[in-house]
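Coordinate analysis (summary)
Spelled out from the first residue to the last, the chains are:
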Amino acid sequence: MAGRATIPSNNSALIAMIADEDTITGFLMAGVGNVDLRRKTNYLIVDSKTTVKAIEDAFKEFISKDDIAIVLISQYVANMIRFLVDSYNKPVPAILEIPSKDHPYDPAHDSVLSRVKYLFSAESVASDRR
């Protein structure tokens, strides 16, 4: 099908993460971590000293890499760069906002959920016209 994005099929599709240390550690223990030949990792640990610019740069790097299929980002971190997260519209890599231990999840701020709600409301309006 034309226009569909494909995930690399050479078994090298990675999950990238931008989150707090506890969340990253949990995913690393599950085997999600990766370090390439240039010593670049597929994650960014966000703490009180991490600048918004560093988060923006990591997000831009992760969404531009061909070997990343999913970017997991803590919702409170996504709120720091909301303009970038909301403006991203490609299917691959998929951007998923996840909760963190210290910051509760708020569905009202989830960009994916808001897009789904918009699509269903647009479909319901279109189906009412039939």
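Scope of this entry: the structure provided in the associated data block. (Residues numbered from 1 in each chain as written. Predicted model: local features only at pLDDT ≥ 70, side-chain atom pairs only at ≥ 80, totals over all residues. Heavy atoms only, no water.)

**Brief notes about the pattern of salt bridges**
Oppositely charged side chains can form a pair if their charged atoms are brought close together. Enumeration over the complete set of coordinates arrives at 6 salt bridges. Here Arg 38 and Asp 36 are joined by a salt bridge, their closest N and O atoms 3.4 Å apart. With relative accessibility at 65%, the residue Arg 38 sits in the exposed group. Between Asp 86 and Arg 82 there is a salt bridge, with the nearest N and O atoms lying 3.5 Å from each other. Remark: Arg 82 and Asp 86 occur in helix 4 (residues 82-87); sequence separation between them is 4 residues, near one turn of the helix. Classification of Arg 82 by relative accessible area gives buried; the value is 15%. Taken together, the shared-partner salt bridges in this structure form one network comprising Arg 82, Asp 86 and Glu 97. (Salt bridge = Lys/Arg side-chain N within 4 Å of Asp/Glu carboxyl O. Buried < 20%, exposed > 50% of the residue type's maximum accessible area, 1.4 Å probe, protein only. Helix = DSSP H or I, 4+ residues; strand = E, 2+ residues; numbered from the N terminus.)

**Examining the side chain of Glu 97**
Assignment of secondary structure puts Glu 97 in strand 4 (residues 94-98). Among the residues examined, Glu 97 registers a relative accessible area of 8% and is labelled buried. At 2.7 Å, the side chain of Glu 97 forms a polar contact with the side chain of Arg 82. (Polar contact = N/O pair within 3.5 Å; in protein donor to acceptor, adjacent residues only side chain to side chain.)

**Some details on the sheet that holds strand 3 (residues 68-74)**
An order of 2-1-3-4 is seen for the 4 strands of this open sheet, with the pairing classed as parallel. Both edges of this open sheet fall to strand 2 (43-45) and strand 4, since each of them pairs with a single strand only. Averaged over all pairs of adjacent strands, the angle between strand axes in this sheet comes to 20 degrees, irrespective of strand direction. The pairing of strand 3 with strand 4 spans 5 bridges and is parallel. Bridging across to strand 4, Ile 70 finds its partner in Ala 94. (Pairing = 2+ DSSP bridges. Axes fitted to C-alpha atoms, helices over the stretch in contact; angles between N-to-C directions.)

**Notes on the pairing of strand 3**
Along strand 3, 6 of the 7 residues are buried, which leaves the element largely enclosed by surrounding structure. Pairing of strand 1 (residues 14-19) with strand 3, which is carried by 5 bridges, proceeds in the parallel orientation. In the strand pairing of strand 3, Leu 14 is matched with Ile 68.

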